[in-house]
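Topology and contacts: notes
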Amino acid sequence: MAPRRQYWLLKSEPDAFSFDDLLAAPKRTTCWDGVRNYQARNTMRDDMKVGDGVVYYHSNAKPPGVAGFAKVVREGYPDPTQFEKGHAHEDPKADLADPRWMMVDIQAVQAAERFVSLDELRGVKALEGMALLQRGQRLSVQPVSAAEWKALARLTGVPQAALSV
DNA sequence: GCCAACGTTGGC
DNA sequence: GCCAACGTTGGC
């Protein structure tokens, strides 16, 4: 039996790497490096599987919101930037033999037909319980339920079929 | 630029 | 192991 597909939300600052940047990337794919939070690391290392759906969220944007959808194309592996001398994400305590920070690769699937702002998300009943909308939630990698995924597809004007990759 | 919320660090 | 100080996130 095929494992059940799961869904995740990844935050990115569009000034640094927007959904359009992902669409323009080779194979519309990027590695999700730079995450330096243990909970987010654990999710990428243990839980994100090839084929899982990814909601691409623009944070620190005007306005913040959902810009598109992607999928996981490679499961957790060491983030090389932790070992790069002078790199902004270098971690001097990281051990080559036992890397501390992990990342996944994601590939763009479909841009939102309509960008849906955080403000609008907050008004949607079906999204009440969404991790993103909980007070004090700052994680850059978060779970999304199947029901939330469906609601987000509807809100962004993207047919379910386009996302059932 | 402000600041609330939260995570990490390091002295003890 | 506590907890104050500090750093970061991210909406506003």
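Summary of the structure given here. Within each chain, residue numbers correspond to sequence positions counted from 1 in written order. The order in which chains are written sets their letters, starting at A; the order in which ligands are written sets their numbers, starting at 1. Since the coordinates come from a predicted model, pLDDT governs what is reported: local features require at least 70, and pairs of side-chain atoms require 80 or more to be given and counted, while whole-chain, interface and lining totals use all residues. To get the side-chain values, all heavy atoms of the structure are used, and hydrogens and water are removed first.

1. Brief notes about the nonpolar core
- By convention a nonpolar core is built from buried Ala, Val, Leu, Ile, Met, Phe, Trp, Tyr and Cys residues, the set being connected through side-chain atoms within 4.5 Å. We call a residue buried when its accessible area falls under 20% of the maximum for its residue type, exposed when it is over 50%, and partly exposed in between, using a 1.4 Å probe and counting protein chains only. If you look at the biggest cluster of nonpolar residues, it comprises 23 residues, and the most contacted ones within it are V55, L121, L127, M130, L132, V144 and L152.
- Only runs of H or I of at least four residues qualify as helices and only runs of E of at least two qualify as strands under DSSP, and these elements are numbered from the N terminus. Among the elements of the structure, strand 1 (7-12), strand 3 (53-58), strand 4 (65-78), strand 5 (102-117), helix 4 (118-122) and helix 5 (146-156) are those that each provide at least two residues to this core.
- Ranked by residues supplied to this core, first place goes to helix 5 with five residues.
- Apart from the residues within four sequence positions on either side, L121 is in contact with V66, V116, L127, L132, L133, L152 and L155. We call two residues in contact whenever any of their non-hydrogen atoms come within 4.5 Å of each other.

2. A look at the packing of aromatic side chains
- Any pair of Phe, Tyr and Trp rings, taking the six-membered ring for Trp, is counted once the centres come within 6.5 Å. Such a pair is stacked with planes under 30 degrees apart, edge-to-face with planes over 60 apart, and tilted for the rest. Counting across every chain of the model gives five aromatic pairs.
- Aromatic pair Y38 and W101: ring centres 4.7 Å apart, planes at 35 degrees, arrangement tilted. One end of the pair, Y38, is in helix 3 (residues 38-47); the other, W101, is in the loop between strand 4 and strand 5, and 63 residues separate them in sequence.
- Relative accessible area serves as the criterion here: at 4%, W101 is assigned to the buried category.
- Each ring, one from F69 and one from W149, has its centre 5.2 Å from the other, and the planes form 80 degrees; the classification is edge-to-face. Pair noted here: F69 is in strand 4 and W149 is in helix 5, with a separation of 80 residues, a long-range link.
- Judged by relative accessible area, which is 0%, F69 ranks as buried.
- Positioned above the aromatic ring of Y77, the side-chain terminus of R74 is 3.4 Å from the ring centre. Criterion for a charge above a ring: Arg CZ or Lys NZ at most 6 Å from the ring centre, at most 35 degrees from the ring normal.

3. Brief notes about the protein's contact with DNA strand B
- Surveying the vicinity of DNA strand B reveals the residues Y38, K93, R135, G136 and R138.
- Working definition: residue near molecule or strand if any one of its non-hydrogen atoms lies within 4 Å of it. When the atoms of DNA strand B within 4 Å of the protein are grouped by moiety, sugar and phosphate amount to 75% of the total.
- Counted as a polar contact is a pair of N or O atoms within 3.5 Å, where, for protein atoms, one must be capable of donating a hydrogen and the other of accepting one, and residues adjacent in sequence contribute only when both atoms are in side chains. At 3.0 Å from a base oxygen of DNA strand B is found a side-chain nitrogen or oxygen belonging to R138.
- Gly counts as polar in this scheme, as do all residues outside two lists: the nonpolar Ala, Val, Leu, Ile, Met, Phe, Trp, Tyr, Cys and Pro, and the charged Asp, Glu, Lys and Arg. Residues that form the surface near DNA strand B fall into these classes: one nonpolar, one polar and three charged.

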